[in-house]
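Secondary and tertiary structure notes
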Amino acid sequence: MEQRKSLTNVNGKAQAGKTPVRHSTDVVSDDGLSRSSYETSVMEVERRAEVVQLELPLTTSEKRRKINATLTRVIPITKQMVWSAYKKVRQNKGAAGTDGITIAMYEEQLSANLYKLWNRLSSGSYFPPAVREVYIPKSDGKMRKLGIPTVNDRVAQEVTKSYLEPRLEKVFSEQSYGYRPQRNQHQAVEQVRKNTRKYAWVIDMDISSFFDSMSHEKLLLALKRHVTEKWVLLYSERWLKAPTMESTRKRGTPQGGVISPLFANLFLHYAFDKWFEKEFPNLSFVRYADDIIVHCETETKAKEIYKTISERLTDCELSLNEEKSKIVYCKNAHRKAQFKTIKFDFLGFCFKPKPTKNKATGRLFLSFDCAISRKSEIKISESIRESKFHQWTSSTIHEIANSFNDKIRGWINYYGKFRIHSLNRIFKLFNWRLIKWAVRKYKRFKGSMSQAANWIRRIAFDFPDIFVHWHYGFQRA
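Residues numbered from 1 in each chain as written. Predicted model: local features only at pLDDT ≥ 70, side-chain atom pairs only at ≥ 80, totals over all residues. Heavy atoms only, no water.

As for the environment of Ile380
- The topology assignment puts Ile380 in helix α12 (residues 374-387).
- Overall, Ile380 belongs to the buried group, its relative accessible area being 6%.
- Along the primary structure Ile380 and Trp411 are separated by 31 residues, whereas in three dimensions their C-alpha atoms are 8.5 Å apart.
- Ignoring anything within four residues of it in the chain, the contact list for Ile380 reads Ile372, Trp411, Tyr415 and Ile426. (Helix = DSSP H or I, 4+ residues; strand = E, 2+ residues; numbered from the N terminus. Buried < 20%, exposed > 50% of the residue type's maximum accessible area, 1.4 Å probe, protein only. Contact = heavy atoms within 4.5 Å.)

In structure tokens:
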């Protein structure tokens, strides 16, 4: 039998004229990642300082006898973990970071990008880039600062978040609802509704600049109570200290980062949730991220707890916003005391005394319940006005419906959850704009708003499925 020729001599050196064949590694594997032929050159210039990896003892045997154990360094991040994280990031969409790379651009070299990220994460050499800061207006006229990581960094954060979240979910409070699996804003609002029927007093808490004020040291201490893996702590600290384009970060976490809500929940779990349940076991609260509603039985108790909470937050290097935090009396037909503050906003809904019809008797009575808040109503109304769709004279009514129906469906699904008729003012404004569009588009109305209004009402009655809100009965202007 002819033996296979060796490409090396007895000294292990390559023989002259012999070139070993190297197969291409640019092939997509089942988990969506591939090896890139230029990965080695990229990895050679990576920073290797501060790399902390797991050391796992491995043993080998020869003739059934154990020999000396050897050590290998490995971070247990698999290609499948990176691929799964990318799919979540893609689903959530989002803007580009400091590198200007969008998700669409990232996908142009998807396999190479994901393989490179996996290689760096699993070796401990991944360092997050700077975070892009943007400012969006708040309802009070001030600006909210958001931090937008790069697409690559969002995938990296999702890997760690998905790894860590199931463990922390086991310890989080049942009274916490924000950014948690199988929990949402409607559940939090519904729980507040139930609590206001039981308790007459509410503390509406607003923490000043929570995401920018959170102590890194205290958060890492909380992480160490549940995490032993050095790589999780290593990357968590790097993300906390990731700079912006203008400055370094000494406190807080970017509001907009993938892993930031998990960090926020862990911090407030120890700063507030666990502490409150221990100090006041007979009272209830509802927390959605840093929005907290505390329920009390009496005004005296509410004032006492307000002061105690303020002191607790100070100990945790946080503070209450005194202008926005307040004590509220949940006035209804059975609670007739006088108090200056009888309403509060929570997650886009306003809780206040409202006339309600008794289903059994048909009579009206005063209840304490929620509906869309005035701030949310104004925000939606402004978005309708800014669209200026009444000027879209080149569009048909069906094209306008196609442009707005997804938004309208979202408004109804969220704000119409508890009192859908409270959306009436919003859709009257929308229908009025539609009438103005008809007057501009069709000369036969000769500028008559009443004729155009009659035509829109007939269309709404005959074809209620053109617009989503027409289907729900919001057909009048």
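Overview of the side chain of Asp369
- Mapped onto the elements, Asp369 comes out in strand β13 (residues 364-372).
- Side chain to side chain, Asp369 and Arg193 meet in a polar contact 2.8 Å long.
- Here Asp369 is in contact with Arg193, Cys350, Phe351, Lys352, Lys354 and Arg419, once residues within four sequence places are set aside. (Polar contact = N/O pair within 3.5 Å; in protein donor to acceptor, adjacent residues only side chain to side chain.)

Structural notes on the sheet that holds strand β10 (residues 326-329)
- Across the sheet, which stays open at both edges, the four strands sit in the order β8-β9-β7-β10 with antiparallel pairing between neighbours. Across the chains shown, the open sheet's two edge strands, defined by having one partner strand only, are β8 (284-288) and β10. For this sheet the average axis-to-axis angle between neighbouring strands, irrespective of direction, equals 20°.
- In this sheet, strand β9 (residues 291-296) lies alongside strand β7 (residues 201-206) in antiparallel orientation, the contact comprising six bridges. The residue bridging Asp206 from the neighbouring strand is Asp291, located in β9.
- Packed onto the sheet, helix α6 (residues 185-198) meets β7, β8 and β9 and runs at close to 160° relative to β8. (Pairing = 2+ DSSP bridges. Axes fitted to C-alpha atoms, helices over the stretch in contact; angles between N-to-C directions.)

Structural notes on unusual backbone geometry
- Phi at Gln182 is positive, roughly 65°, even though this residue is not glycine.
- On the secondary structure map, Gln182 appears in the loop between α5 (151-169) and α6.
- Assessed through its relative accessible area of 76%, Gln182 is described here as exposed.
- Positive phi values are uncommon outside glycine, yet Lys388 reaches one of about 50°.
- Within the element layout of this structure, Lys388 appears in the loop between α12 and α13 (397-415).
- Residue class for Lys388 comes out partly exposed when judged on its relative accessible area of 45%.

Some words on the pattern of salt bridges
- Tallied over the entire structure, the rule returns 19 salt bridges.
- For Lys88, the salt bridge is made with Glu158, and the minimal N-O distance between the two is 3.8 Å. Of the two residues, Lys88 sits in helix α2 (residues 79-92) while Glu158 sits in helix α5, which places them 70 residues apart along the sequence.
- The exposure class assigned to Glu158 is buried, which follows from its relative accessible area of 5%.
- Linking Asp204 and Lys326 is a salt bridge whose minimum nitrogen-to-oxygen distance equals 2.9 Å. On the criterion of sequence distance, the pair formed by Asp204 in strand β7 and Lys326 in strand β10 is long-range, its members being 122 residues apart.
- Judged by its relative accessible area of 9%, Asp204 falls in the buried class.
- A single salt-bridge network, built from bridges that share partners, covers Glu190, Arg193, Asp369 and Arg419. (Salt bridge = Lys/Arg side-chain N within 4 Å of Asp/Glu carboxyl O.)

Quick notes on the sheet that holds strand β12 (residues 349-357)
- Taking strand neighbours across the sheet as the criterion, the three strands line up as β11-β12-β13 in an open arrangement whose pairing is antiparallel. Of all the strands in the sheet, the pair left with one neighbour each is β11 (344-346) and β13. Mean inter-strand twist for the sheet, computed between neighbouring axes without regard to direction, equals 50°.
- Two strands pair when backbone bridges link them, and β11 and β12 are joined in this way by three bridges, in the antiparallel orientation. Residue pairing in the sheet places Phe346 in a bridge with Phe349 of β12.

Some words on the nonpolar core
- By size, the foremost hydrophobic cluster in this structure holds 71 residues, and its most contacted members are Phe276 and Val294.
- When residues in this core are grouped by element, the largest group, eleven residues, is from helix α10 (residues 260-279).
- Excluding anything up to four places from it in sequence, Phe276 contacts Pro281, Leu283, Ser284, Phe285, Val294, Ile305 and Ile309. (Core = buried A, V, L, I, M, F, W, Y, C linked by side-chain atoms within 4.5 Å.)

Looking at the packing of α13 against helix α14 (residues 424-441)
- At their nearest, the axes of α13 and α14 sit 13 Å apart, and the two run at 175° to each other. What the angle tells us is that α13 and α14 run roughly antiparallel. Facing α13, whose interface residues are Ile397, Ile400, Phe404, Ile408, Trp411 and Ile412, α14 presents Phe427, Phe430, Leu434 and Trp437.
- Taken together, the residues of the contact of α13 with α14 break down into ten nonpolar, no polar and no charged. (Parallel < 35°, antiparallel > 145°, perpendicular 65-115°, else oblique. Nonpolar A, V, L, I, M, F, W, Y, C, P; charged D, E, K, R; others polar.)

A closer look at the packing of aromatic side chains
- If you walk through the whole model with that rule in mind, you get 36 aromatic pairs.
- Their ring planes at 75° and their centres at 5.5 Å tell us that Phe349 and Phe418 sit as a pair that is edge-to-face. Within this pair, whereas Phe349 is found in strand β12, its partner Phe418 is found in the loop between α13 and α14, the two being separated by 69 residues in sequence.
- Ring geometry for Phe430 against Phe467: centres 5.5 Å apart, planes inclined by 70°, an arrangement best described as edge-to-face. Linking Phe430 in helix α14 with Phe467 in the loop between α15 (449-462) and α16 (468-471), this pair joins segments that are 37 residues apart in sequence.
- Members of the aromatic cluster, joined through ring pairs, are Phe389, Trp392, Phe404, Phe430, Phe467 and Trp470. (Phe/Tyr/Trp six-rings, centres within 6.5 Å; stacked < 30°, edge-to-face > 60°.)

Structural notes on the environment of Arg154
- Tracing the sequence through the fold places Arg154 in helix α5.
- Overall, Arg154 belongs to the buried group, its relative accessible area being 6%.
- In the structure, Arg154 is positioned 68 residues away from Tyr86 in sequence and 8.2 Å away in space, judged by C-alpha atoms.
- Residue contacts for Arg154: discarding those within four places in its chain leaves Val89, Lys93, Gly94, Ala95, Ile103, Ile148, Pro149 and Val258.

Read these as layout, nothing more, since geometry by itself doesn't imply function.
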